[in-house]
Structures are given as C-alpha cells and as structure tokens.
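# A look at the structure
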Amino acid sequence: VLSYFNQTDHIDFFNLGLRRLAGVRGFLDNVVTSEIPKFEEKFLVFLKENHPKIIEDILKYSFYNQIGELTKANDDLLAGILKQYIPNSGLLLKA
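Calculation notes
Residues numbered from 1 in each chain as written. Predicted model: local features only at pLDDT ≥ 70, side-chain atom pairs only at ≥ 80, totals over all residues. Heavy atoms only, no water. Helix = DSSP H or I, 4+ residues; strand = E, 2+ residues; numbered from the N terminus. Contact = heavy atoms within 4.5 Å. Core = buried A, V, L, I, M, F, W, Y, C linked by side-chain atoms within 4.5 Å. Buried < 20%, exposed > 50% of the residue type's maximum accessible area, 1.4 Å probe, protein only. Phe/Tyr/Trp six-rings, centres within 6.5 Å; stacked < 30°, edge-to-face > 60°.

Now for the side chain of Glu35. For Glu35, the location among the structural elements is in the loop between α1 (7-24) and α2 (36-50). Contact partners of Glu35, with chain neighbours within four places excluded, come to Leu91 and Leu92.

Moving on, we come to the nonpolar core. Membership of the largest hydrophobic core comes to 22 residues, with the highest contact counts inside it found for Phe27, Phe39, Phe43, Leu47, Leu78, Leu82 and Ile86. For this core, the secondary-structure elements that each account for two or more residues are α1, α2, α3 (52-64) and α4 (72-85). Counting residues per element, this core draws most heavily on α4, at five residues. In contact with Leu78, other than residues within four places in its own chain, are Leu21, Phe43, Leu47, Ile54, Ile58 and Leu70.

This part takes up the packing of aromatic side chains. Taken as a whole and judged by the stated rule, the model has five aromatic pairs. With 5.3 Å between their ring centres and 15° between their planes, Phe39 and Phe43 make a pair best called stacked. Of this pair, Phe39 and Phe43 are both found in helix α2, four residues apart, which corresponds to roughly one turn of the helix. The exposure class of Phe39 is buried, given its relative accessible area of 1%. Note on Phe43: relative accessible area 0%, which makes it buried.

In structure tokens, the structure reads:
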C-alpha cells in the first residue's frame, strides 16, 4: 500500500505527525528556534537508525487515517523517545 508514495511523501507524512507531537506537546520549547529544521533532519535519521518500526507504523496509520495523526501507542512511544533524545541531541538549547 505504501508503495504508492515516494520517499519524499513518506518523510512529509512522518514529519507532519512529528511536528504536531513535538511542537504541541512542548518538546521543542527549549530548542533554539533556528535549530528546529536541524532537529527534524537529525531526529528522522536517529529514528531510522534506532526505531525504524515506529516510522513504518506511523506511515501505515497515516495512510489509512488522517495524515499526521498518531495512534496512542505511537504517541506515547515517540514522547518517550523525544524526552531522552532532545537533551542529548547536540542541538542548541535555550538557556
């Protein structure tokens, strides 16, 4: 089913859900604004290397449901990953 989308579409769908979760829930509040694009890029690579299954799950769910929406389980998993990732990401954080 996901073969209908190219890789750019996959990343766009995933980033939409990621931005919603990270921004709305305040995970990026301490990240310097100019670092947000770097966060998106670095975090996607981190997830691909360390949590590829969640990307697949989110893309499948987004294909069948509203784009950018997350299941409760994926929302909770990503929240936990973000809590650990951001302070150790090397991104500039606000003082």
